[in-house]
Amino acid sequence: MKRIISIFLVGIMCFSFFAVDASAYEANENVPVVADIGSAEKTSALTISSSKAICKSSYYCNSETAKTIKAVQTLEKKSVFGNFTSVSGASWTKTVTTQNLSMNNTKSNLSSGTYRLKTVFTVTLSNGTSETVTVYSAEKKV
């Protein structure tokens with residue numbers, strides 16, 4: 001009898017573990033969302049042609065009170081351990097005092113591997129409020 005109760009309790013515990021795990025994915029309305037002050041659209045796109053990376057990033061601001069928009073692009077390569085590291089000589093910064101930022105950069109002579117573009121946007125409004133958001137491109141292979 002004790003054995004049957006033990007098996008029953010283990011079964012309930014396993015079921016409740018999976019039920020809680022699944023509910024976390026269903027409750028999208030409870031996921032914290034970044035405020036995105038003034039942002040209408042932000043992109044980080046990577047195209048690779050032969051051994052050349054074409055890096056494009058943009059941030060379009062809805063708010064007319066943006067004081068500055070800063071973007072830092074960094075081309076990253078996946079290591080054998082699965083983490084991404086910065087590619088030497090492939091980091092660029094641009095700051096504008098307008099409502100839109102667009103930047104394009106290239107890096108040639110890439111070695112074989114998997115790459116992505118990381119863009120860190122920082123927008124500051126005239127009232128001093130600021131926010132930093134990181135956007136990654138899709139991974140591309142050489």
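Quick note: structure is the one above.
Residues numbered from 1 in each chain as written. Predicted model: local features only at pLDDT ≥ 70, side-chain atom pairs only at ≥ 80, totals over all residues. Heavy atoms only, no water.

A. Focus on the nonpolar core. Core analysis: the biggest nonpolar cluster contains 23 residues, and Leu46, Cys55, Tyr59, Ile69, Leu75 and Leu101 have the highest contact counts within it. Residue contributions to this core peak at five residues, all from strand S6 (residues 114–125). When neighbours within four sequence positions are excluded, Ile69 is seen to be in contact with Tyr59, Cys61, Lys94, Thr95, Val96, Thr98, Gln99, Asn100, Leu101, Thr122 and Val123. (Core = buried A, V, L, I, M, F, W, Y, C linked by side-chain atoms within 4.5 Å. Buried < 20%, exposed > 50% of the residue type's maximum accessible area, 1.4 Å probe, protein only. Helix = DSSP H or I, 4+ residues; strand = E, 2+ residues; numbered from the N terminus. Contact = heavy atoms within 4.5 Å.)

B. Seen up close, the packing of aromatic side chains. Scanning all chains against the criterion turns up one aromatic pair. Considering the side-chain rings of Tyr59 and Phe121, the 5.3 Å spacing of their centres and the 50° angle between planes classify their relative orientation as tilted. Linking Tyr59 in strand S2 (residues 52–61) with Phe121 in strand S6, this pair joins segments that are 62 residues apart in sequence. Phe121 sits in the buried class, given a relative accessible area of 1%. (Phe/Tyr/Trp six-rings, centres within 6.5 Å; stacked < 30°, edge-to-face > 60°.)

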